[in-house]
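Analysis of the macromolecular model
Given next are the chains, with one letter for each unit.
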Amino acid sequence: MTLWSGRFATSMNEALWDLSESFSFDRVLYSYDIDGSMAHVRGLVHCGLLSDLEGQTLVDTLERIREEFSSGTFERAPSDEDVHMAIERRATELAGDVGAKIHTARSRNDQVATTLRLFTRDALTRIAAATVEMVDTLVSLGESNASSYLPGYTHLQRAQPVLLSHHLNAHAWSLLRDLERLLEARSRCNVSPLGAGALAGTSLPIDPSFASTELGFITTFANSMDAVSDRDFVAETLFDIALIGVHLSRMGEELVLWTSSEFAFAKLGDDFTTGSSMLPQKKNSDVAELARAKSGRLIGNLTGLLVTLKGLPLAYNRDLQEDKEPLFDSVRQVLMTLKAMTGAYRSLAFDERTASLAADDPFLVAIDLAESLVEEGVPFRQAHEMVGKLVGQSVANDVSFAIVVQNDPELSRYAHLFEPGAALTRRRSPGASGPHAMLRQAERLMEVRRALASRI
Ligand code: ARG
């Protein structure tokens, strides 16, 4: 028997049941739903629709149901279509007529929206905390290899030397923007839809702001139709997660490169690598590959939901039930990936020697040579041309660029630029990759990190 069986002559066809039941995946919401129901009950007491005693009975009953779920003893009845109906059914079973009052001035439409906002608010907080941890890990890896440097690349061709900390901070900055987005999404999510009813409010004398305050929402809905049909907060969360996924994917790709024999800039710890079933010598960076791969799934979850939402007329439509699985999946996957990648970076041993050797490639000094000429008043285009010719000679004659410069009567005085690390030290403009600029950058990064982390 369903909650609406009064209206129907026959019971639901099994094929429809299988399609529409959501308890199998939305049971994870039980605790949020119970919090929402308790606040709703207190609101009903507050406006006189339930007596104090009825309210207390219901709150106690709901607490008992929470324990049944958490201890794994909750038994699903065949009629429990979703977690919301299961909890109401059980409350009525346990508390009798009082239980049957719990749904007064409430619809599953505002109930499910409330429950999902509570879940999402919490998930955003958890993801934000995991993001800060990853930022801290990148920063401290840079700090503990403070003088290490490597080539910075454009088009995956060696371009200019960069401090390892500068490189890692580039990822940290993108994660800090992600963190800011998560916190902004959380404040837009933090609006109570409870009291909107099915779509148009109710004739009963309720005060939605009461339950809203109980649940710690920042504010209460202004429009009942918007309250029950809006899933922007889910879409936005999925976007924020997908973008974190994209960032993690880029980091993953980079770790795959760095740990290859070709680059050999770094090694992952044994506890963050896998072996091969056939090739005894293999040590594979699966963690980085999986981080790279997860982004596809996270983007898919976002795309799927946007397509689900795009044609929906106001207000609630059952299509909205399809918001949950992508959200649950993305939250779980991104938390898992953040944790694994944080661990991977913690285990990373950077090979300073190989990386600095690559960064001291004489060609990377070409721009310093041109800029030195600029400092003497040579127009940049002309300097570029002069140095370019010497690069051409070096390539054509297969002679080191450093030697070619040394042998050039006009430019031999710049030979010191080829000393190991010299080009790196010269990168001192604000935000640049060298050690002087790094001091200010590190301060700025920590300021932003502190300000954002204090809002979690
Ligand atoms: N399980 C449903 C969902 O997640 C609950 C809402 C059902 N509301 C309704 N009017 N049929 O969306």
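Structure report, in brief. Along every chain, residues carry numbers that run from 1 in the direction the sequence is written. Per-residue local features of the predicted model are confined to residues with pLDDT of at least 70, and side-chain atom pairs are confined, for both listing and counting, to 80 or more; whole-chain, interface and lining totals are unaffected and use all residues. Values reported for side chains reflect all heavy atoms of the structure, with hydrogen atoms and water molecules removed beforehand.

**Some remarks on the site of the ligand**
Lining the immediate surroundings of the ligand are S22, D82, R108, N109, V112, Y316, Q321 and K324. Whenever a nitrogen or oxygen atom comes within 3.5 Å of another N or O atom, the pair is scored as a polar contact, on the condition that within protein one atom can donate a hydrogen and the other can accept it, and that pairs from neighbouring residues in sequence are kept only if both atoms are in side chains. Within the contact set of the ligand, a nitrogen atom lies 3.3 Å away from a side-chain nitrogen or oxygen of S22. Between the ligand and N109 there is a distance of 3.0 Å, counted from a nitrogen atom to a side-chain nitrogen or oxygen. Coverage of the ligand by the protein chains reaches 85% of its 340 Å² of free accessible surface. Helical segments are the DSSP runs of H or I of at least four residues, strand segments are the runs of E of at least two, and each set is numbered from the N terminus. The element that contributes the greatest number of residues to the shell around the ligand is helix α6 (residues 108–144), accounting for 3 residues. Across the shell around the ligand, the residue classes tally to 2 nonpolar, 3 polar and 3 charged. Here a residue counts as near a molecule or strand whenever at least one of its heavy atoms sits within 4 Å of it. The protein chains shown are the only cover counted for residues, whose accessible areas, like all others here, come from Shrake-Rupley with a 1.4 Å probe. Note on residue classes: Ala, Val, Leu, Ile, Met, Phe, Trp, Tyr, Cys and Pro are nonpolar, Asp, Glu, Lys and Arg are charged, and everything else, Gly too, is polar.

**Side note on helix α3 (residues 30–46)**
In this model, α3 (17 residues) spans 24 Å end to end at C-alpha, consistent with the 24 Å of a helix rising 1.5 Å per residue. Only protein chains enter the area calculation, which uses a 1.4 Å probe; residues under 20% of their type maximum are buried, those over 50% are exposed, and those in between are partly exposed. The buried fraction of α3 amounts to 13 of the 17 residues, a majority that puts the element mostly inside the structure. Positive phi shows up at G48, right after α3, with a value of about 80°. One fewer than the residue count of a helix, multiplied by 1.5 Å, yields its expected span.

**Here's the deal with the environment of V334**
Tracing the backbone shows V334 in helix α12 (residues 324–346). Taking the relative accessible area as the measure of exposure, V334 reaches 0% and is therefore buried. Distance from V334 to L298, taken between C-alpha atoms, is 8.1 Å for residues 36 residues apart in sequence. Contact between two residues is taken to exist if any of their heavy atoms lie within 4.5 Å; hydrogens are not considered. Other than its neighbours up to four places away in sequence, V334 contacts I127, I241, I244 and L298.

**Looking at the pairing of strand β2 (residues 157–163)**
DSSP-based pairing: two strands are paired if at least 2 bridges between them are found. Bridge count for strand β1 (residues 149–154) against β2 is 6 bridges, and the pairing is antiparallel. Bridge pairing in β2 links L150 to V162. Between the end of β1 and the start of β2, which pair antiparallel, lie 2 residues, with H155 showing a positive phi angle near 55°.

**Thoughts on a nonpolar patch on the surface**
Two joining distances apply to patches: 9 Å for like charges and 5 Å for nonpolar side chains (Val, Leu, Ile, Met, Phe, Trp, Tyr), and every residue must have over 30% relative accessible area and no salt bridge. Basic side-chain nitrogens of Lys or Arg form a salt bridge, by our definition, when they fall within 4 Å of a carboxyl oxygen of Asp or Glu. Taken together, the side chains of L199, M225 and L314 make up a nonpolar region of the molecular surface, amounting to roughly 270 Å² of accessible area. Positionally, M225 belongs in helix α9 (residues 224–229).

**Some words on the packing of aromatic side chains**
Within a pair of aromatic rings, the relevant descriptors are the distance that separates the centres and the angle that separates the planes. Two aromatic rings, drawn from Phe, Tyr or Trp (for Trp, its six-membered ring), form a pair once their centres lie within 6.5 Å of each other, and the interplanar angle then sorts them: stacked below 30 degrees, edge-to-face above 60, tilted otherwise. In this structure the tally under the stated criterion is 11 aromatic pairs. For the ring pair Y153 and F263, a centre distance of 5.8 Å and an interplane angle of 55° mean the geometry is tilted. Placement of Y153 in strand β1 and of F263 in the loop between α10 (232–258) and β5 (266–267) is noted, with a sequence separation of 110 residues between them. Plain terms: the ring middles of F263 and F265 are 5.3 Å apart, the flat faces sit at 85° to each other, and that makes the pair edge-to-face. Considered together, F263 and F265 belong to a single accessibility category, that of buried residues. Taken together through their ring pairs, the aromatic side chains of F23, Y30, F69 and F74 make up a single cluster. Looking at R121, its charged tip hangs above the ring of F217, at a distance of 5.1 Å from the centre. Should the NZ of a Lys or the CZ of an Arg lie within 6 Å of a ring centre and within 35 degrees of the ring normal, that charge is described as sitting over the ring.

**Some words on the nonpolar core**
In this structure, I127, M134, W258, M341 and Y345 are the most contacted members of the largest nonpolar core, which totals 92 residues. Those residues in contact with W258, other than ones at most four positions away along the chain, are L150, L164, H167, L168, F263, A264, F265, A266, L348 and F350. Only buried residues count toward a nonpolar core. Its members are Ala, Val, Leu, Ile, Met, Phe, Trp, Tyr and Cys residues joined through side-chain atoms within 4.5 Å. One finds L373, F401, V405 and L411 within the second-largest nonpolar core, a separate group that totals 18 residues.

**Observations concerning the pattern of salt bridges**
Tallied over the entire structure, the rule returns 31 salt bridges. With a closest N to O distance of 2.5 Å, R188 and E236 form a salt bridge. Separated by 48 residues along the polypeptide, R188 in helix α7 (residues 164–189) and E236 in helix α10 bring together distant segments of the chain. Notably, a salt bridge pairs R292 with E253, separated by 2.5 Å at the nearest N-O pair. Residue R292 is found in helix α11 (residues 286–310), and its partner E253 is found in helix α10; the two are separated by 39 residues along the sequence. You can call E253 partly exposed: its relative accessible area is 33%. Taken together, the shared-partner salt bridges connect R64, E68, D80, R89, R90 and E93 into one network.

**Focus: the environment of G431**
With respect to the helices and strands, G431 occurs in the loop between α17 (422–425) and α18 (435–453). Along the sequence, G431 and Q441 sit 10 residues apart, while their C-alpha atoms lie 6.2 Å from each other. The contact partners of G431, leaving out residues within four places of it in the chain, are H166 and A437.

**Looking at unusual backbone geometry**
Residue A315 is reached from L314 by a cis peptide bond, and omega for that bond is 0°. Positive phi is not limited to glycine here, since L156 has a value of about 60°. Its location among the elements puts L156 in the loop between β1 and β2. Accessibility expressed as a relative area gives 54% for L156, which makes it exposed.

**A word on the side chain of R231**
With respect to the helices, strands and loops of the structure, R231 is situated in the loop between α9 and α10. Relative accessible area serves as the criterion here: at 1%, R231 is assigned to the buried category. Non-local contacts of R231, meaning those with residues more than four positions away in its chain, are made with V112, A113, L116, L309, Y316, L320 and D323.

**Quick word on the packing of α6 against α10**
One way to put it is that α6 packs onto α10 with a least axis distance of 11 Å and a crossing angle of 20°. When the axis of α6 is compared with that of α10, the two are roughly parallel. Between α6 and α10 lies a crossing of left-handed hand. On α10, the residues touching A113, L116, R117, T120, L124, I127, T131, M134 and L138 of α6 are F233, V234, T237, I241, I244, L248 and M251. Interaxial angles span 0 to 180 degrees and are taken between N-to-C directions of axes, which are lines fitted to C-alpha atoms, for helices over the stretch in contact. We call two directions roughly parallel when the angle between them is under 35 degrees, roughly antiparallel when it is over 145, roughly perpendicular when it lies between 65 and 115, and oblique otherwise. Definitions for this section: a left-handed crossing has its near helix turned counterclockwise from the far helix by less than a right angle. A right-handed crossing has that turn clockwise.

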